[in-house]
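Each chain is listed here by its residues.
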Amino acid sequence: MTAIHIVSSANRHLYETTLDSYFRIRHDVFAKERGWKAVERSDERDIDAFDRDDTIHLIAMDGDRVVGGQRLVPTTTPHMLSEIFADLAAVKGIPVGPTIWEASRYFVVRERRSGRTDATMLAGVQEFGVDEGITHYSAVIETWWLPRLHEAGFVVRPLGLPTLIENQWAIAAEVEVRQSSRDRARALGGIGGSVLVRRGLKVPLIGEVAHVT
Amino acid sequence: MNRQEFDHAHVAFSFIERLETLEAPDDVMNHMEKSLGLFGFENFILTGLPNPHQRAEQMVLARKWPRGWFEIYIKENYVAADPVVRLCRNSINPFEWSEAPYNREKEPRAHEVMNRAADFRMANGFCIPIHGLTGYEACVSFGGDKLDLSSRTKPAIHLMGMYAFERIRQLMTPAQRNRSDDLTSREREVLTWTALGKTSSEIAEILELSKRTVDEYSIRAARKLRAQNKTHAVVKALQQRLINP
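What comes next concerns the included structure. Predicted, not measured: the structure shown is a model, and the values here were computed from it.

Conventions we followed
Residues numbered from 1 in each chain as written. Chains lettered and ligands numbered in written order. Predicted model: local features only at pLDDT ≥ 70, side-chain atom pairs only at ≥ 80, totals over all residues. Heavy atoms only, no water. Helix = DSSP H or I, 4+ residues; strand = E, 2+ residues; numbered from the N terminus. Buried < 20%, exposed > 50% of the residue type's maximum accessible area, 1.4 Å probe, protein only. Contact = heavy atoms within 4.5 Å. Areas by Shrake-Rupley, 256 points an atom, 1.4 Å probe, with all protein chains shown as cover. Lys, Arg positive; Asp, Glu negative; His and termini not counted. Charge placed at Lys NZ, Arg CZ, Asp CG, Glu CD. Salt bridge = Lys/Arg side-chain N within 4 Å of Asp/Glu carboxyl O. Expected span 1.5 Å × (residues − 1). Axes fitted to C-alpha atoms, helices over the stretch in contact; angles between N-to-C directions. Parallel < 35°, antiparallel > 145°, perpendicular 65-115°, else oblique. Nonpolar A, V, L, I, M, F, W, Y, C, P; charged D, E, K, R; others polar. Buried area = accessible area lost by both parts, 1.4 Å probe. Polar contact = N/O pair within 3.5 Å; in protein donor to acceptor, adjacent residues only side chain to side chain. Phe/Tyr/Trp six-rings, centres within 6.5 Å; stacked < 30°, edge-to-face > 60°. Lys NZ or Arg CZ within 6 Å of the ring centre and 35° of its normal. Pairing = 2+ DSSP bridges.

### Focus on the overall build of chain A
Summing up its helical and strand segments, chain A has 5 helices and 9 strands in all. Beginning at the N terminus, the succession of helices and strands in chain A can be written as β-α-β-β-α-β-α-β-α-β-β-β-α-β. When the backbone C-alpha atoms are referred to their principal axes, chain A occupies close to 50 × 40 × 35 Å. Counting only residues that meet the buried cut, chain A has 58% of its 213 residues in that class. Once local pairs closer than 6 in sequence are excluded, the contacts in chain A between residues at least 24 apart make up 71%. As displayed, chain A has an accessible area near 8,800 Å², and 51% of this comes from carbon and sulfur atoms. Taking the average place of the 26 positive charges on the side chains of chain A and the average place of its 29 negative ones, the gap between the two points comes to 4 Å.

### A closer look at the pattern of salt bridges
The tally for this structure, following the rule as stated, stands at 42 salt bridges over all chains. In this structure, the salt-bridge partner of B:E20 is A:R157, at a minimum N-O distance of 3.2 Å. Taken together, the positions of B:E20 in the loop between α1 (3-19) and α2 (25-37) and A:R157 in strand β6 (residues 156-158) put the pair across two chains. For A:R157, a relative accessible area of 34% translates into the label partly exposed. B:K211 is the partner of B:D215 in a salt bridge, and the nearest nitrogen-oxygen pair spans 3.0 Å. Of the two residues, B:D215 and B:K211 both sit in helix α10 (residues 211-224), 4 residues apart, roughly one turn of that helix. Its relative accessible area of 43% is what places B:K211 among the partly exposed residues. Through salt bridges with shared partners, a single network forms among A:R26, A:D46, A:D48, A:D51, A:R71 and A:R105.

### Digging into the environment of A:V109
All names here are of chain A. Within the secondary structure layout, V109 lies in the loop between β4 (100-108) and α3 (116-132). By relative accessible area, V109 is classed as buried at 8%. Considering only alpha carbons, one finds V109 and R26, 83 residues apart in sequence, at a separation of 9.1 Å. When near neighbours in sequence (up to four residues on either side) are disregarded, V109 contacts I25, R65, V66 and V67.

### Observations concerning helix α1 (residues 16-33) of chain A
Residue and element names in this part refer to chain A. The terminal C-alpha atoms of α1, which comprises 18 residues, lie 24 Å apart, in line with the 26 Å expected from a rise of 1.5 Å per residue. For α1, every residue scored as buried is listed here: T18, L19, S21, Y22, F23, I25, R26, H27, V29, F30 and A31. Lining the buried residues of α1 we find β1 (2-7), β2 (56-62), β3 (65-74) and β4. G35 lies just past α1 and shows a positive phi near 75 degrees.

### A few points about the packing of helix α9 (residues 200-207) of chain B against α10(B)
Residues and elements named next belong to chain B. It is the contact of α9 with α10, at a shortest axis distance of 8 Å, that shows an interaxial angle of 110 degrees. Between α9 and α10, the crossing angle belongs to the class labelled roughly perpendicular. On α10, the residues that touch S200, S201, I203 and A204 of α9 are K211, V214 and D215. Considered class by class, the residues forming the contact of α9 with α10 number 3 nonpolar, 2 polar and 2 charged.

### Details of the interface of chain A and chain B
Of the residues lining the interface, 34 residues belong to chain A; the matching set on chain B comes to 31 residues. Counting the surface lost from both chain A and chain B, the interface buries some 2,700 Å², and carbon and sulfur atoms represent 64% of this. Its largest share of buried area at the contact with chain B, chain A owes to A:W144, A:H150 and A:L161, together 21% of the area lost on that side. Here chain A is connected to chain B by 3 salt bridges. At the junction of chain A and chain B, the tally comes to 7 residue pairs in polar contact (both at pLDDT 80 or more).

### Some thoughts on the packing of aromatic side chains
Within the structure shown, the criterion is met by 15 aromatic pairs over all chains. Centre to centre, the rings of A:F30 and A:W36 are 4.9 Å apart; their planes meet at 40 degrees, and the pair counts as tilted. The exposure class assigned to A:W36 is partly exposed, which follows from its relative accessible area of 23%. Clustering of aromatic rings is evident, with ring pairs tying together B:W65, B:W69, B:F70, B:Y73, B:Y78 and B:F120. Sitting above the plane of the A:F30 ring, A:R105 keeps its charged end 5.6 Å from the centroid. The ring of B:F70 has B:R63 sitting right over it, with the charged end atom 3.6 Å from the ring centre.

### Regarding the sheet that holds strand β4 (residues 124-131) of chain B
What links the strands of a sheet is backbone hydrogen bonding, and the strands pair in either a parallel or an antiparallel sense. Residue and element names in this part refer to chain B. Judged by pairing direction, the sheet is antiparallel, and its 5 strands sit side by side in the order β2-β1-β5-β4-β3 without closing on themselves. The two strands at the open ends of the sheet, each matched to only one other strand, are β2 (60-64) and β3 (95-96). Pairing between β3 and β4: 2 bridges, direction antiparallel. Paired with F95 across the bridge in β4 is C127. Against the sheet, helix α7 (residues 153-172) contacts β1 (43-48), β2, β3, β4 and β5 (137-144), and its axis sits at roughly 55 degrees relative to β4.

This is the structure we're talking about:
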């Protein structure tokens, strides 16, 4: 059964081997498979300016094996939409706030692209948002993924029009965190309950989240 | 951003925002006619793509096609020959109908469907492929005689098509269906292999489960689908597009 491990600076010492494998697979997926020149590195580890101490990684694992992942960065600090892809949010602007996090580098390894791992990852990111008081995620997503997110019950608001990036249509979007989205993604993957593993972490992990009262 | 680009974006975003307020598929179609009409579109179809066991007409979620053309299209089983449908299955990016390749000599039926469509004022159009997470394939296709298709308008049309599809899909999905009746992905997997002619023992081997567990999944799926037996469950799952072997 695939589980989503939450890895932050607070517990990364428990995940050194996993993280190395995660960054290597990211390089395989984004530099080699997708051919993104900007993320190519000689050490074959995809680590960039947004893999920081305040970055939270959601790593999908089957036992010890990394099968997928994505990372979350607070929008109150420099993030990909603010620094690189601001043009994509030309119509609605870049969503910024303490309860809005940006998701990026979403991937599932090639052998697991039949839908089930995706559903687990989508359920996981919604579960994490619900548990942590996150209200929205912002993200740059490939446009052909939009109906897939809809199918998983995600409420997605576009921030601009589709734009061609690295030969792929992409849009900037804001995704609501909703229990109903979490549950719909779970149903899609045939998942009974929580998919998150918080090894060595307190709940909630995000301490400074400003809860709306 | 120049003035015209802003207008396209504005049309697309007000279209999407308005969609949420519409509660009937017909209202969505009227809304599409009005907004997409600005780009020259007159005809619309939002449809799932049938597998060999499914009937094309049962996959249609909504359509506004010229009188007579849908009937001909179904009667002639053009869905099997249509190069637009073929490219739709194999592409993740939207495309103009004229970009769907076919061989005139070797595929006379493909040539025929494109020609006959043109007779119904559907000379060109724009197709937006939909690929679900668990195998569902669908197509949003707009046609017309004089289209404003350019690198500036296409992104707006692309986005509008995807949101129109989602709204129609939401409105057409029976809300009263109990969530506990949803098939799990394991149950779908077992039904899919059954549909492909595999026995319980063979499926057990493929999925690395015990035969008993596989049988248990079949029984549970049949119960959820209110089916009499395994075969009946497969038929119902195919009809309801829950599996896509």
